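Listed below are the residues making up each chain.
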Amino acid sequence: MAKSHETEHPVKAFGLAATDSSGHLSPFKFSRRATGDDDVQFKVLYCGICHTDLHYLKNEWGVTQYPIVPGHEIVGVVTEVGKKVEKVRVGDKVGVGCMVGSCRSCESCKEDLENYCPKIIPTYAAPYHDGTITYGGYSDIMVADEHFIVRIPDNMPLDAAAPLLCAGITTYSPMRYFGLDKPGMHIGVVGLGGLGHVAVKFAKAFGCKVTVISTSLSKKDEALSHLGADSFLISKDADEMQGAVGTMDGIIDTVSAHHALMPLIGLLKAHGKLIMVGAPDKPLELPVFPLLAGRKMISGSGIGGMKETQEMIDYAAKHNIKADIELISADYVNTALERLTKADVKYRFVIDVANTLKQS
């Protein structure tokens, strides 16, 4: 007979879980494994709400196993370490992002690209090495192998650091890998949400000229005045888009909704790169001819490896890059998810787990 969620591990835990595709979150008692020799246990202080959480909660990708405790932008303070742990000590500020395991032996893992390991173990809703299902950061306690722990610099506010563990690395990694990080380059950012606003901040820190491309005129002042973008394009305005044709070295496309790629390809210079980091749930149409006319590239990028994630968070701390957040209580999470479906947030919800997630 299978053990219950509360008894399969020895450490009691409490969080918020959905039990069906309505995605509604309710209080949930479960358990975490005991801290192993290579493990770090930490008290969760904050957890960001990512659009991926919404996809998983509602089983929009068809892979969700219920019950599900989401959350992969998790930060807190170390409470216990295994005897082989060297990277952190009790009391250190740490985080866990989108993964908690990989095979550690494949080509990708050996190249510090655990995010592309065929046996990657996501932070929630996936079988762990011991066969039990992983639970995410909408919870009071976390245990993870130290390899998948990120050290949070002391000068980084923990609540605003949390979204960088997903949104930050998701945009930082492709800009570094594809060479879109050189001063003077012109970078477009499509979509000004959780991913997009952080992409603007990294691109500006790299010394790039940044143009935000959005369907919403209401975001123009925010993009230019608050986030420091250099220009703003309404993607539905044919004249504006035509005026920017052939001007961009690269574009980071953060949009998860269905949208046309042809106008974006047109904005690229010859040899320009359109990098997809959003995850639309329906296929997009790929026009090939405009790629040929200029040797342009469309590629994708998913989060980053652990080494690069640490590099990203250290870079963010050095350059004072933080996510713009709306801090919420645990009892507001279902409302926040409803607002997220309407893109009604600037720019990332973060749950104040330590102060508001309470067992009744």
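Conventions we followed
- Residues numbered from 1 in each chain as written.
- Predicted model: local features only at pLDDT ≥ 70, side-chain atom pairs only at ≥ 80, totals over all residues.
- Heavy atoms only, no water.
- Salt bridge = Lys/Arg side-chain N within 4 Å of Asp/Glu carboxyl O.
- Buried < 20%, exposed > 50% of the residue type's maximum accessible area, 1.4 Å probe, protein only.
- Helix = DSSP H or I, 4+ residues; strand = E, 2+ residues; numbered from the N terminus.
- Pairing = 2+ DSSP bridges.
- Expected span 1.5 Å × (residues − 1).
- Contact = heavy atoms within 4.5 Å.
- Polar contact = N/O pair within 3.5 Å; in protein donor to acceptor, adjacent residues only side chain to side chain.
- Core = buried A, V, L, I, M, F, W, Y, C linked by side-chain atoms within 4.5 Å.

Let's shift gears to the pattern of salt bridges. On inspection of all chains with the given rule, the structure shows 11 salt bridges. Between Lys182 and Asp181 there is a salt bridge, and its shortest N-O distance comes to 2.7 Å. Beyond isolated ion pairs, a larger network of salt bridges with shared partners links Arg176, Asp181 and Lys182.

Time to look at the pairing of strand β1 (residues 11-17). A large share of β1 lies buried, amounting to 6 of its 7 residues. Bridging between β1 and strand β2 (residues 26-32) involves 7 bridges; their strand directions are antiparallel. Counterpart to Val11 in the pairing with β2 is Arg32.

Our next topic: helix α5 (residues 194-205). With 12 residues, α5 should reach 16 Å at 1.5 Å per residue; the first-to-last C-alpha distance of 17 Å fits that figure. The buried count for α5 comes to 10 of 12 residues, which makes it a mostly enclosed element. Turning to α5, its buried residues are Gly194, Leu195, Gly196, His197, Val198, Ala199, Val200, Lys201, Phe202 and Ala203. If you follow the buried residues of α5, they end up packed against α4 (167-177), β10 (186-190), β11 (209-214), α10 (306-318) and β17 (348-352).

Now for the side chain of Arg33. Mapped onto the elements of the fold, Arg33 is located in the loop between β2 and β3 (39-48). In this structure Arg33 comes out as buried when scored by relative accessible area, which is 18%. Side-chain polar atoms of Arg33 contact the side chain of Asp39, separated by 2.9 Å. Within the structure, the side chain of Arg33 is placed 3.3 Å from the side chain of Tyr128, a separation counted as a polar contact. Dropping the residues within four chain positions of it, Arg33 is found in contact with His9, Pro10, Val11, Asp39, Tyr128, Val143, Ala144 and Asp145.

Formed by 55 residues in total, the largest nonpolar core has its most connected members in Ile152, Met175, Leu180, Val200 and Phe202. Of all the elements in the fold, those that place two or more residues in this core are β3, α3 (158-161), α4, β10, α5, β11, β12 (231-234) and α10. When near neighbours in sequence (up to four residues on either side) are disregarded, Val200 contacts Val189, Leu192, Val210, Val212, Leu227 and Ala229. Counting 48 residues, the second largest nonpolar core, distinct from the first, contains Val44, Val69, Ala144 and Leu340.

So far we have only geometry, and geometry alone does not tell us how the molecule works.
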